[in-house]
Amino acid sequence: MIKQELDRIKDRISDPSFLANKGLSNEVGIHVFCYDPADELIVEDYIRRLKSEANTAYRIIECDLYEIFLSLLEDKRVLKSIDGLEEKRGKEYLLNQLQKIATPEALLARMDYSPHVKGQDVLFMTGIGKIHPFMRSHKMLDSMQHLFADIPIVMFYPGTFNGQTLSLFGEFLDGHYYRAFNLL
């Protein structure tokens, strides 16, 4: 089932209307591809293969939020001390401290690039499940609209989206977000 869904992505992101963000009623082109968390490795492999294809109508820019998160922690020189901090101060303290470092603005500063190639670039936002609970996806989507308004964004989401509410892993209410569209 997941492989058939993934195979449909290529056709969708190759569509010139999709690449130009047309037909969205003046909304930002944010799209959600939901999948069963058990299929994470299949999805990662598909994205890797899709990015490596040559002579396509699109150029995929992948931003793995978890990898960006780790690089932020490394730059702040706190990555190696996380284990000890959790033991000394507890999970709640650690979560609060990491959320102060990994703000949507800090993550977006690492994701931003220029120039965007309008009509060709597609931003793939991955690592959503891996960065939980440090970052909530609806907060990222709210914060990134102004930076990427000219290119489509596809958030690969291990959970469900009913057009209004995101549910990570089908277990956690991740937040309400009504500006996104289901990719397929």
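The following refers to the structure shown.

Rules and cut-offs
Residues numbered from 1 in each chain as written. Predicted model: local features only at pLDDT ≥ 70, side-chain atom pairs only at ≥ 80, totals over all residues. Heavy atoms only, no water. Disulfide = S-S within 2.5 Å. Buried < 20%, exposed > 50% of the residue type's maximum accessible area, 1.4 Å probe, protein only. Phe/Tyr/Trp six-rings, centres within 6.5 Å; stacked < 30°, edge-to-face > 60°. Helix = DSSP H or I, 4+ residues; strand = E, 2+ residues; numbered from the N terminus. Lys NZ or Arg CZ within 6 Å of the ring centre and 35° of its normal. 1 Å grid on protein atoms, 1.4 Å probe; cavity = no way out; pocket = protein on both sides within 12 Å on 5 of 7 lines; lining within 4 Å. Points joined across faces, edges and corners; volume = space filled by probe spheres on them. Nonpolar A, V, L, I, M, F, W, Y, C, P; charged D, E, K, R; others polar. Pairing = 2+ DSSP bridges. Contact = heavy atoms within 4.5 Å. Axes fitted to C-alpha atoms, helices over the stretch in contact; angles between N-to-C directions. Core = buried A, V, L, I, M, F, W, Y, C linked by side-chain atoms within 4.5 Å. Salt bridge = Lys/Arg side-chain N within 4 Å of Asp/Glu carboxyl O.

### Some points on the state of the cysteines
- As enumerated under the stated definition, the model contains zero disulfides in all.
- Free cysteine: C34, not disulfide-bonded; nearest cysteine sulfur from C63 at 19 Å.
- On the basis of relative accessibility, which here comes to 25%, the residue C34 falls in the partly exposed class.

### Observations regarding the packing of aromatic side chains
- In total, this model carries six aromatic pairs according to the counting rule given.
- On the basis of an interplanar angle of 35° and a centroid distance of 6.4 Å, the ring pair of Y113 and F148 is categorised as tilted. One end of the pair, Y113, is in the loop between α7 (104-111) and β3 (121-126); the other, F148, is in the loop between α9 (137-144) and β4 (153-157), with 35 residues separating them in the sequence.
- On the basis of relative accessible area, F148 is assigned to the buried category, the value being 0%.
- An aromatic cluster is built from F33, Y35, F124 and F156, whose rings are joined through pairwise contacts.
- R89 extends its terminal NZ or CZ atom over the ring of Y93, reaching a point 4.4 Å from the ring centre.

### Points about the layout of surface pockets
- A volume near 160 Å³ is recorded for the largest pocket.
- If you trace the largest pocket, you find it lined by M1, I2, E5, V32, F33, C34, Y35, D36, D39, N182, L183 and L184.
- Of all elements in the fold, only α1 (2-14) and β1 (30-34) reach the threshold of two or more residues within the lining of the largest pocket.
- A per-element tally of the lining of the largest pocket places β1 first, with three residues.
- Grouping the constituent residues of the lining of the largest pocket by class yields eight nonpolar, one polar and three charged.

### Let's talk about the sheet that holds β1
- Here we have five strands laid out as an open sheet, ordered β2-β3-β4-β1-β8, and parallel in their pairing. Looking at the sheet topology across the chains shown, the edges are occupied by β2 (59-64) and β8 (181-182).
- Relative to β8, β1 runs parallel, the two sharing two bridges. When the bridges of β8 are listed, V32 appears paired with N182.
- Contacting β1, β2, β3 and β4, α1 runs over the sheet at an angle of about 160° to β1.

### Quick word on the nonpolar core
- The biggest cluster of nonpolar side chains holds 37 residues, and the ones touching the most others in it are M111, L123, M144 and F148.
- Ranked by residues supplied to this core, first place goes to helix α4 (residues 65-75) with five residues.
- For M111, the contacting residues outside a window of four places in its chain are C63, L65, I68, L123, M125, M140, M144 and F148.
- Residues I2, I9, F18 and I60 belong to the second largest nonpolar core, which totals 19 residues.

### Notes on the environment of F18
- On the secondary structure map, F18 appears in helix α2 (residues 16-19).
- Note on F18: relative accessible area 4%, which makes it buried.
- Sequence spacing of F18 and G119 is 101 residues, and the spatial spacing of their C-alpha atoms is 8.2 Å.

### Regarding the pattern of salt bridges
- For the coordinates displayed, the defined rule picks out nine salt bridges.
- Here K130 ties to E44 by a salt bridge, and the two come within 3.7 Å at their closest N and O atoms. Taken together, the residues span a long stretch of sequence, with K130 in helix α8 (residues 128-131) and E44 in helix α3 (residues 40-52) at a distance of 86 residues.
- Of the charged contacts, one joins R49 and D45 as a salt bridge, the two residues approaching to 3.1 Å between their closest N and O atoms. In this pair, R49 and D45 both sit in helix α3, four residues apart, roughly one turn of the helix.
- You can call D45 partly exposed: its relative accessible area is 32%.
- One network of salt bridges, in which partners are shared, links E44, D64 and K130.

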